[in-house]
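Secondary and tertiary structure notes
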Amino acid sequence: MSKISIAENLELVKNNIEKALIKTGRKDKIELIAVTKTIDVDRIKEAISLGVTNIGENKVQELEIKIPILENSVNYHMIGYLQTNKVKYIIDKVKLIHSLDRISLAKELDKRANQKDCISQVLLQVNVAEEETKSGLKVNELLPFIEEILELEHIKIRGLMTIAPNTTDESLLRSVFRTLYKLKEDISGRHYKNISMDYLSMGMTNDYTIAIEEGSNMVRVGTGIFGKRK
Ligand SMILES: *Cc1c(COP(=O)(O)O)cnc(C)c1O
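Presented here is an overview of the structure given in this document.

Conventions adopted
Residues numbered from 1 in each chain as written. Predicted model: local features only at pLDDT ≥ 70, side-chain atom pairs only at ≥ 80, totals over all residues. Heavy atoms only, no water. Helix = DSSP H or I, 4+ residues; strand = E, 2+ residues; numbered from the N terminus. Rg over C-alpha atoms; globule rule 2.2 N^0.38 Å. Buried < 20%, exposed > 50% of the residue type's maximum accessible area, 1.4 Å probe, protein only. Contact = heavy atoms within 4.5 Å. Areas by Shrake-Rupley, 256 points an atom, 1.4 Å probe, with all protein chains shown as cover. Lys, Arg positive; Asp, Glu negative; His and termini not counted. Charge placed at Lys NZ, Arg CZ, Asp CG, Glu CD. Axes fitted to C-alpha atoms, helices over the stretch in contact; angles between N-to-C directions. Parallel < 35°, antiparallel > 145°, perpendicular 65-115°, else oblique. Left-handed = near helix turned anticlockwise from the far one by under 90°. Nonpolar A, V, L, I, M, F, W, Y, C, P; charged D, E, K, R; others polar. Salt bridge = Lys/Arg side-chain N within 4 Å of Asp/Glu carboxyl O. Near = heavy atom within 4 Å. Polar contact = N/O pair within 3.5 Å; in protein donor to acceptor, adjacent residues only side chain to side chain.

1. Here's the deal with the overall build of the protein chain
Tallying secondary structure elements over the protein chain gives nine helices and eight strands in all. At 17 Å, the protein chain has a C-alpha radius of gyration in line with the 17 Å of a compact globule built from 230 residues. For the protein chain, the spread of C-alpha atoms along the principal axes amounts to about 50 × 40 × 35 Å. A buried classification covers 50% of the 230 residues belonging to the protein chain. Pairs at least 24 apart in sequence give 60% of the contacts found in the protein chain among residues at least 6 apart. Within the structure as shown, the protein chain displays about 11700 Å² of accessible surface, and the carbon and sulfur contribution to it stands at 48%. Across the protein chain, the mean location of the 35 positive side-chain charges is 2 Å away from that of the 33 negative side-chain charges.

2. A look at the packing of helix H2 (residues 41-49) against helix H3 (residues 60-70)
As a packed pair, H2 and H3 sit with axes 11 Å apart at the nearest point and diverge in direction by 50 degrees. Comparing the axis directions of H2 and H3 gives the class oblique. Handedness of the crossing formed by H2 with H3: right-handed. The segment H2 lies against H3, with Val41, Ile44, Lys45 and Ile48 engaging Lys66, Ile69 and Leu70. A breakdown of the residues in the contact of H2 with H3 according to their chemical character gives five nonpolar, no polar and two charged.

3. Description of the pattern of salt bridges
Applying the stated criterion across every chain, the model contains 17 salt bridges. The shortest N-O distance in the salt bridge between Glu108 and Arg112 comes to 2.8 Å. Placement of both Glu108 and Arg112 in helix H5 (residues 103-115) is noted, with a separation of four residues, approximately one turn of the helix. Residue Glu108 shares its accessibility class with Arg112, and that shared class is buried. Members of the salt-bridge network, linked through shared partners, are Lys23, Glu170, Arg174, Arg178, Glu213 and Glu214.

4. A short note on the site of the ligand
Around the ligand, the neighbouring residues are Val35, Lys37, Ile79, Met161, Ile163, Met204, Thr205, Arg220, Val221, Gly222, Thr223 and Arg229. Between the ligand and the protein, one listed contact pairs an oxygen atom with a side-chain N or O atom of Lys37 at 2.7 Å. Residue Arg220 places a side-chain N or O atom 2.9 Å away from a nitrogen atom belonging to the ligand. The residue inventory of the shell around the ligand, partitioned by class, reads six nonpolar, three polar and three charged.

5. Things to note about the packing of helix H6 (residues 142-149) against helix H7 (residues 170-189)
Running from N to C, H6 and H7 cross one another at 40 degrees; their axes reach a closest spacing of 12 Å. When the axis of H6 is compared with that of H7, the two are oblique. H6 and H7 meet at a crossing whose hand is right-handed. For the pair H6 and H7, the contacting residues are Leu142, Leu143 and Ile146 in the first and Leu183, Asp186 and Ile187 in the second. Considering only residue class, the contact of H6 with H7 consists of five nonpolar, no polar and one charged.

Now the structure itself:
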């Protein structure tokens, strides 16, 4: 097995992001979230020393271990399924929660953010392909969901997130990403007062360049930076 070089991997990912962005002709910035689930803090520190500014975790338990060590050397993103009873542990510590997908969670985020006197920055997770194994709102549930949580003043919706199907079918991937992009445009056009559609969090190791071509401005890359997880 060859030794994984985080530096080389990171360089490659950044180059690929740049190339994909050039292809689109867009001038915006792509936020790279280094997904550090199961990765130990020494390797995360190495990534941070190489310029990583955002990390993504999918378990509250792991965030609770890593945040006291890494402190504010990096921004934290909660990208996995968030249990309502764990919100209180991370509410004022994460920069962005990518996985808001149900009313009970929205209410808990609002309540806990209010208690901590902060605003919870969230993305709505959409299960575009309606895969049974994945959480997230269905496409036709999105607008009613938004209308229902608009009044919650300690939540700010900053965009949308999706996890594409695990497939090499490029046309399917493109259609999933395009759907999320269109939803974002549609919601932006409605000018809801508590919403700013700043982020489209889509694209992982296997599909981030395609996601960027289809409008993503926030990619979540784990394996591509740290190598295969154990
Ligand atoms: C694990 C994970 C990723 C990163 O996956 P890779 O294929 O390793 O890049 C991205 N997003 C979410 C929600 C994840 O759970």
